[in-house]
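# Commentary on secondary and tertiary structure
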Amino acid sequence: MAVKKNIDWLLLLLRLPATHSTERVAIWRKLKKSGAIQIQTSTYVLPDEPARYETFQWLTQHIRDAGGDATLVRAREIEGLSDQKLIEQFNASRAKEYAVLRDTIRAVTGRSKPSRNLDVRLERIRRQFREIKQTDFFNCAKAHDVEMLLRKVGKIESDTAASVKINARSYRGRTWATRPRPEIDRVGSAWLIRKFIDPKAKFIFVPKVRADRRVVSFDILDGEFSHRGDDCTFETLTKSFRVQDKAVHKIGEMIHDADLDDNKFERSECIGIDRVLKGWGREGLSDQEILRRGLQCFDALYAFLQRK
């Protein structure tokens, strides 16, 4: 493995509070989530990068506020631990996490009878994979194994969904339900529904799926249309209803990258729209108003792409 030259390190030296067990557990979980490795009883290490520095700064303050003690140190080298050795320890830690994920994928997909909530469980696994990748600072080789498994499962799911014939007419005149505080995938999917499936579609926002045949659920737990394989909900709807429109497929790529943050298509156009939608939510706009404004954004984006 080629080692980067001049790697700088962040060391967090800490003493957790003797009491307040709840705080101790919370701090330990945040350390684990940060991707830091432990090199001594009370010393944790991360590569010196702005985002990692901010994480350790925040943890330092949290530990002090909880009654413990913490010191954050920058180091060019750590005596007794070469850069190569530290990288190997980071990769070994990530390899264990990837191995657990790999075994979980095989367990949930290897059953003779597919789980009722297979889509939900696989989406949870994909989210966990993305979280591990965020702390995979030195590109652990085991990530490739999990990625290939997920792609294989995603292709099977996508091909299965594409082979199912849907009568679009049966979805007209119905109400579509999704989660509150709509963001890029939900707003984009609503635009697709009204543009290509039912111009008079009505939308409601609910915390969970309703047992009502008149209501079609999307981008929600146990919903009729949601993430499938590597696809976001917008892509699932596009394939399910066989929308053959080049501009729509481009928008699907944009929404995919903004929603899943995996840079699959290397498109960043919808990241700005997603931030605007989230901003409107923080301003306290109603779900219906966020949707109304978001639909206008997608109308404009679609018009722009058609002229290109």
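Below: a short report on this structure. Numbering of residues begins from 1 in every chain and follows the order in which that chain's sequence is written. Totals for whole chains, interfaces and linings use all residues, but because this is a predicted model, local features are given only for residues with pLDDT of at least 70 and pairs of side-chain atoms are given and counted only at 80 or more. Hydrogens are left out, water is left out, and the side-chain values use all remaining heavy atoms of the structure.

It is worth spelling out the environment of Q89 at this point. Under the scheme used here, helices are H or I runs from DSSP no shorter than 4 residues and strands are E runs no shorter than 2 residues, and both carry numbers assigned from the N terminus. Relative to the helices and strands, Q89 is located in helix α3 (residues 83-109). A residue is classified by how much of its surface remains accessible, and Q89, at 26% relative accessible area, is partly exposed. Distance in space between the C-alpha atoms of Q89 and Y171 is 54 Å, their sequence separation being 82 residues. By definition in these notes, contact holds between two residues if any of their heavy atoms fall within 4.5 Å. Apart from the residues lying within four places of it in its own chain, the contact partners of Q89 are I37, I39 and L81. Only protein chains enter the accessibility calculation, which uses a 1.4 Å probe. A residue is then buried if its area is under 20% of the maximum for its type, exposed if over 50%, and partly exposed in between.

Pairs of strands are assigned from DSSP output, requiring at least two bridges between the strands. Taken together, the three strands give an open sheet; going across it, the order is β6-β5-β7, and neighbouring strands pair in parallel fashion. Each having just a single partner strand, β6 (202-205) and β7 (215-217) make up the two edges of the open sheet. Ignoring strand direction, the axes of neighbouring strands in this sheet form an average angle of 30 degrees. Looking at chain direction, strand β5 (residues 175-178) and β7 are connected through three bridges and run parallel. Along β7, the bridge assignment pairs T175 with V215. Think of each axis as a best-fit line through the C-alpha atoms, taken over the contacting stretch in the case of a helix, with angles from 0 to 180 degrees between the N-to-C directions. Those strands touched by helix α6 (residues 184-197) are β5 and β6, and its axis lies near 160 degrees from that of β6.

Bridge analysis of strand β2 (residues 37-40) against strand β3 (residues 43-47) gives three bridges, and the strand direction is antiparallel. Paired with Q40 across the strands is T43, a residue of β3. Connecting β2 to the antiparallel partner β3 that follows it, the hairpin turn spans two residues.

A separate point is the layout of surface pockets. Using a 1 Å grid laid over the protein atoms alone, points where a 1.4 Å probe fits but cannot get out form a cavity; open sets with protein on both sides within 12 Å along at least 5 of 7 lines form a pocket; any residue with an atom within 4 Å of a point counts as lining. Grid points are joined across faces, edges and corners, and a volume is the space filled by probe spheres set on the points. Put simply, the second largest pocket is a space of about 570 Å³. Going through the elements one at a time, α4 (118-134), α5 (142-163) and α8 (246-260) are the ones with two or more residues in the lining of the second largest pocket. A total of eight residues in the lining of the second largest pocket trace back to one element, the largest contributor, which is α4. When grouped by side-chain class, the residues that make up the lining of the second largest pocket number three nonpolar, three polar and 14 charged. All residues other than Ala, Val, Leu, Ile, Met, Phe, Trp, Tyr, Cys, Pro, Asp, Glu, Lys and Arg, Gly among them, are scored as polar; the first ten of these are nonpolar and the last four charged.

Tracing the chain through its elements places S226 in the loop between β7 and α7 (233-240). Beyond its immediate sequence surroundings of up to four residues, S226 is in contact with D219, I220, C232, T233 and T236.

Where α8 contacts helix α10 (residues 287-307), the two axes come as close as 9 Å, and the packing angle between them is 125 degrees. As far as their axial angle goes, α10 and α8 are oblique. Considering the relative orientation of α8 and α10, their crossing is right-handed. When α8 is examined against α10, the residues A247, V248, K250, I251, M254 and I255 are found in contact with a partner set consisting of F298, L301, Y302, L305 and Q306. When an angle is under 35 degrees it counts as roughly parallel; over 145 it counts as roughly antiparallel; between 65 and 115 it counts as roughly perpendicular; any other value is oblique. Helix crossings are classified by the rotation of the near helix relative to the far one: an anticlockwise turn of less than a right angle makes the crossing left-handed, while a clockwise turn makes it right-handed.

Let us look at α8. For α8, with 15 residues, the first-to-last C-alpha span of 21 Å sits near the 21 Å given by 1.5 Å per residue. All buried positions along α8 are accounted for by A247, V248, I251, G252, M254, I255, H256, D257, A258 and L260. Counting of polar contacts relies on pairs of N or O atoms within 3.5 Å, with two restrictions inside protein: one atom must be capable of donating a hydrogen and the other of accepting it, and residues adjacent in sequence are counted only when both atoms are side-chain atoms. The opening residue of α8 is D245, an N-cap whose side-chain oxygen sits 2.9 Å from the backbone nitrogen of A247. Following α8 by one or two positions, D261 adopts a phi angle in the positive range, close to 55 degrees. The span expected for a helix works out to 1.5 Å for each residue beyond the first.

A sheet is described by the order of its strands in space; here four strands give the open sequence β2-β3-β1-β4, paired in antiparallel fashion. The sheet terminates laterally at β2 and β4 (69-75), the two strands that pair on one side only. Direction aside, the axes of adjacent strands within the sheet are offset by 30 degrees on average.

Time to look at unusual backbone geometry. Trans is the common state for peptide bonds, and a negative phi is the common state for residues other than glycine. Phi angles above zero are rare outside glycine, and R181 is one such case at about 55 degrees. Among the structural elements, R181 can be located in the loop between β5 and α6. With a phi close to 55 degrees, D261 is a non-glycine residue in the positive phi region. Tracing the backbone through its elements, the reader meets D261 in the loop between α8 and α9 (269-282). Residue classification places D261 among the exposed residues on the basis of a relative accessible area of 59%.

Within 6.5 Å between ring centres, the rings of Phe, Tyr and Trp (the latter by its six-membered ring) count as paired, and their orientation is classed by plane angle as stacked under 30 degrees, edge-to-face over 60, tilted in between. Following the criterion strictly, the structure yields 16 aromatic pairs and no others. Arranged with centres 5.3 Å apart and planes meeting at 85 degrees, the rings of Y171 and F241 form a pair that is edge-to-face. Within this pair, whereas Y171 is found in the loop between α5 and β5, its partner F241 is found in the loop between α7 and α8, the two being separated by 70 residues in sequence. F241 shares its class with Y171; the two are buried.

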